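Here's the letter readout for the chains.
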Amino acid sequence: MKPYKILKHQNPKPFILIPHQRSLFSALSSSTSDQSQSPSSEISPDVLVESARSSQWHFIKHLSPNLDSSLISTVLLNLHKTPELALQFTSHVEFHRLDIKTRCLAIAVASRLPSPKPTLNLLKRTVSSDIAGVAVIFDELALARERLGISTTILFDLLIKACCEMKRVDEGLECFYMMKDKGFIPKIETCNALLSTFLKLNRTESAWVLYAEMFKMRIKSSVYTFNIMINVLCKEGKLKKAKDFIGFMENLGVNPNVVTYNTIIHAYCSRGRVEGARFVLNAMRSKGIQPDSFSYSSLISGMCKDKRLEEASEMFEKMKEMGLVPSAVTYNILIDGYCNEGDLGKAFRYRDEMVEQGISPTVSTYNMLVHALFMECKMDEADDLVKEMEEKGLSPDQITYSILINGYSRCGNVKKAFSFHDEMLTKGIQPTRITYTSLIYALSKRNRMTEADNLFEKIMKKGVAVDVIMFNALIDGHCANGNMERAFSLLKEMDKLNVPPDDVTYNTLMQGHCREGRVEEARELLDEMKRRGIKPDHVSYNTLISGYSRRGDMKDALRVRDEMLSTGFNPTLLTYNALIQGFCHNQEGDIAEELLKEMISKGITPDDSTYLSLVDGMGNIDQSVESCNSC
């Protein structure tokens, strides 16, 4: 008997014996030895509460499948004054298995915590599980609120916020109206969350409906509320009303802040109205509100988009003189502006200045510079820049790889383009439509149409949403390689996939027909374009004029030229060159000479092709040019 006495007095952990109650060890033994009985009915709430307080979570987790909702609810009620402990208990009893009533009780207990994050997390899990609609969740939260004696509206406010964070704003709005029906006033922060979500989803009309409802309920707007509504007006393009709204908020006793003015300045600049933005900047200063880096960055961006790069640089210098520190975003705006203008020297100088100021270039910085180098076919320098980027610990992103693949595709280096495609996949970066379009373009230019078709089929099988640009690249390749049958089969496939063709699609097919001398078929395509509601452009008419001229059908060529004029398009250099070449080929030099005079009178400068055609057709160009210059 001695060994048994020793064991008895050792009181081995982690089991806790509670007087007049079955021990957790006994409950656990029962639950594992006889599953035919109902263990939860034999486990008392006190055992579970004491186990939670002594942090015996592994036992609670083991018992979890056998605990019914009623028992869990009782434990939660006993732990509601220690919400941290209740939350831990909730996490160990498989929250996803609880019924809606118990879930809402657990959420209500968690709402007593200082941080709203755990409550928001539980609410989002409940809403996303679709265990019940938000109306039912709202009602159950109301019942739990009463059971716990919670006097605030925090549960309803957090439910609305959870819906907003999940982009389920209509359900959030439903809860807003349920609060109103029960006589509860949502917090202004809750209303702001709804308004902000409507703004992000471009549902400006819904934002105004809600704002009007807030006004009726006498919910006092904060400066953040007004900033949202000013942003709504800016998104709707109502910039004057946005400015006037500042006066409205001031009349209601709310002073605008730097964000208020920055929102309007950014809206003006994004629409190319830099002078309007300057006016707002001056108004801002007159109210004693100092512009910040964002204010100036918006103006600099607007100037760069308007190709006013010198003014943008001056504004940038002024910003620094005022003691405002430019961010990487500001530098990137200037770098992008100069890259787009082809001034790589200035773009790289700003990159160097960034580094000198201790501001690290971002992936976007490198992407812009690499793209600009490719535009000038400086492949080696682009490669060096990518290496530098990686040496600095920056990983190429989806955009970087798209630029590299597109750049090498345009330069005809298919092997290098595909090597970057493979590298993308190895790194787990998914190619975009632009990436695939570049690869198809590269294969098409190298007459590797079987591979281009195979790649296209592979893209389709992957479920990538193909667009008109990708189809156009493939159609162009087949037209250039004389496979008009395949080109037209792709046009039919576009219709099947509901990808509407555009003017480029038809222009490409027309050029393919004209290349083969089938100008009538090309003419039929022009008519089909019109029937589809696609407006022909310069390329469409010039393609037909060139086709008829090469065949010597000058009456038809002139007829198309007249049609072109009647639709509002003026002849271009290509138009005149095609007509002059056609008339010279038909030995009608007089008409060609008249066309030369006409094009010069319209301010169109002849090029080498013009003069070569005239030399071939007329033999004596000097006299013609001399007479033209005297016109």
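Sequence order as written defines the numbering, with residues in each chain counted from 1. The predicted origin of the model limits local features to residues at a pLDDT of at least 70 and limits the giving and counting of side-chain atom pairs to 80 or more, whereas totals for whole chains, interfaces and linings rest on all residues. To get the side-chain values, take all heavy atoms of the structure and skip hydrogens and water.

Participant: Help me out: how do you make sense of the UniProt feature "domain: Pentatricopeptide repeat-containing protein-mitochondrial" (unreviewed entry) in the protein chain in this one?
Facilitator: UniProt positions are given in the numbering used here, feature names are shortened, and annotations may be inferred rather than shown by experiment. The positions UniProt marks with the feature "domain: Pentatricopeptide repeat-containing protein-mitochondrial" (unreviewed entry) are residues 386-493. Note on conventions: DSSP H or I runs of at least 4 residues are helices, E runs of at least 2 residues are strands, and numbering of each starts at the N terminus. For residues 386-493, helix accounts for 75% and strand for 0%, while the C-alpha atoms at its two ends are 38 Å apart.

Participant: Looking at this structure, I do not really get the pattern of salt bridges. What am I missing?
Facilitator: One speaks of a salt bridge when a side-chain nitrogen belonging to Lys or Arg is within 4 Å of a carboxyl oxygen belonging to Asp or Glu. Inspection of every chain in the model, using the stated rule, returns 41 salt bridges. Residue Arg-168 is joined to Glu-171 by a salt bridge in which the shortest nitrogen-to-oxygen separation is 2.5 Å. Salt-bridge contacts for Glu-353 lead to Lys-320; the nearest nitrogen and oxygen are separated by 2.7 Å. On the criterion of sequence distance, the pair formed by Glu-353 in helix H22 (residues 344-356) and Lys-320 in helix H20 (residues 309-321) is long-range, its members being 33 residues apart.

Participant: Got a minute to help me understand the packing of aromatic side chains in this structure?
Facilitator: The description of an aromatic ring pair rests on the distance of the ring centres and on the angle between the ring planes. Working definition: a ring pair exists when centres of Phe, Tyr or Trp rings (six-membered ring for Trp) sit within 6.5 Å. Plane angles under 30 degrees give stacked, over 60 give edge-to-face, the rest tilted. This model, assessed by the stated rule, comprises 18 aromatic pairs. Between the aromatic rings of Phe-245 and Phe-248, the centroid separation amounts to 5.2 Å while the plane-to-plane angle is 50 degrees, which identifies the pairing as tilted. Of this pair, Phe-245 and Phe-248 both sit in helix H16 (residues 239-251), three residues apart, roughly one helical turn. Buried residues are those whose accessible area, probed at 1.4 Å on protein chains only, stays under 20% of the maximum for their type, while exposed residues exceed 50% and partly exposed ones sit between those limits. The buried category is assigned to Phe-245, whose relative accessible area is 11%. A relative accessible area of 30% places Phe-248 in the partly exposed class.

Participant: Help me understand unusual backbone geometry, please; the structure alone is not making it clear to me.
Facilitator: For residues besides glycine, phi is generally negative; the peptide bonds are generally trans as well. Of note, Asn-202 is a non-glycine position whose phi angle comes to about 60 degrees, a positive value. Here Asn-202 shows up in the loop between helix H13 (188-200) and helix H14 (204-216). The exposure class assigned to Asn-202 is exposed, which follows from its relative accessible area of 51%. You will see that Cys-377, though not glycine, has its phi angle at about 60 degrees, which is positive. Structurally, Cys-377 can be placed in the loop between helix H23 (363-375) and helix H24 (379-391).

Participant: Quick question: what am I supposed to make of the domain arrangement of the protein chain here?
Facilitator: You'll often see interface size given as the accessible area lost when the parts meet. The domain boundaries assigned to the protein chain delineate domain 1 (45-186) and domain 2 (326-395). Either an automatic procedure or a domain database provided the assignment from which the domain bounds are taken. Each of domain 1 and domain 2 was reduced to a C-alpha centroid, and the two centroids are 51 Å apart.

Participant: Looking at this structure, I do not really get a nonpolar patch on the surface. What am I missing?
Facilitator: The patches described consist of residues with a relative accessible area above 30% and no salt bridge, like charges being joined within 9 Å and nonpolar side chains (Val, Leu, Ile, Met, Phe, Trp, Tyr) within 5 Å. Computed by Shrake-Rupley with a 1.4 Å probe, the accessible areas treat only the displayed protein chains as cover when residues are assessed. Nonpolar side chains collect at one region of the surface, where Phe-215, Phe-248 and Leu-252 lie side by side and expose about 280 Å² of accessible area between them. Assignment of secondary structure puts Phe-215 in helix H14. We classify Phe-215 as exposed; its relative accessible area is 51%.

Participant: Whenever I open this one, the packing of H23 against H24 confuses me. Can you help?
Facilitator: To characterise two packed helices, one gives the angle between the axes of the helices and the distance between these axes. Lines fitted to C-alpha atoms define the axes here, with helix axes fitted over just the stretch in contact, and angles between the N-to-C directions of these axes take values from 0 to 180 degrees. Remark: H23 packs on H24, axes separated minimally by 8 Å, with the N-to-C direction vectors making an angle of 170 degrees. Taken together, H23 and H24 sit at an angle that is classed as roughly antiparallel. Contacts from Val-363, Tyr-366, Leu-369, Val-370, Leu-373 and Phe-374 of H23 reach H24 at Met-379, Glu-381, Ala-382, Leu-385, Val-386, Glu-388 and Met-389. Gly is placed with the polar residues, together with every amino acid not listed as nonpolar (Ala, Val, Leu, Ile, Met, Phe, Trp, Tyr, Cys and Pro) or charged (Asp, Glu, Lys and Arg). Tallied by class, the residues present in the contact of H23 with H24 amount to eleven nonpolar, no polar and two charged. Angle categories are assigned with fixed cut-offs, so that under 35 degrees is roughly parallel, over 145 is roughly antiparallel, 65 to 115 is roughly perpendicular, and the rest are oblique. Contacts between residues were defined by any pair of non-hydrogen atoms, one from each residue, lying within 4.5 Å.

Participant: What should I look at first to understand the nonpolar core in this one?
Facilitator: In globular proteins that are soluble, nonpolar side chains generally tend to be buried together. Joining through side-chain atoms within 4.5 Å is the link that ties buried Ala, Val, Leu, Ile, Met, Phe, Trp, Tyr and Cys residues into a set, and such a set is a nonpolar core. In this structure, Phe-89, Leu-141, Phe-176 and Ile-300 are the most contacted members of the largest nonpolar core, which totals 195 residues. Looking at which domains feed residues into this core, each of domain 1 (45-186) and domain 2 (326-395) gives three or more. Non-local contacts of Leu-141, meaning those with residues more than four positions away in its chain, are made with Cys-104, Ile-107, Leu-123, Leu-155, Phe-156 and Leu-159.

Participant: How should the packing of helix H21 (residues 328-340) against H23 be read in this particular structure?
Facilitator: Contact geometry for H21 and H23: axes closest at 10 Å, N-to-C directions at 5 degrees. In this view, H21 runs roughly parallel relative to H23, as classed from their interaxial angle. Within the contact between the two elements, H21 uses Asn-332, Ile-335, Asp-336 and Cys-339 and H23 uses Ser-364, Thr-365, Met-368, Leu-369 and Ala-372. When its residues are assigned to classes, the contact of H21 with H23 shows five nonpolar, three polar and one charged.

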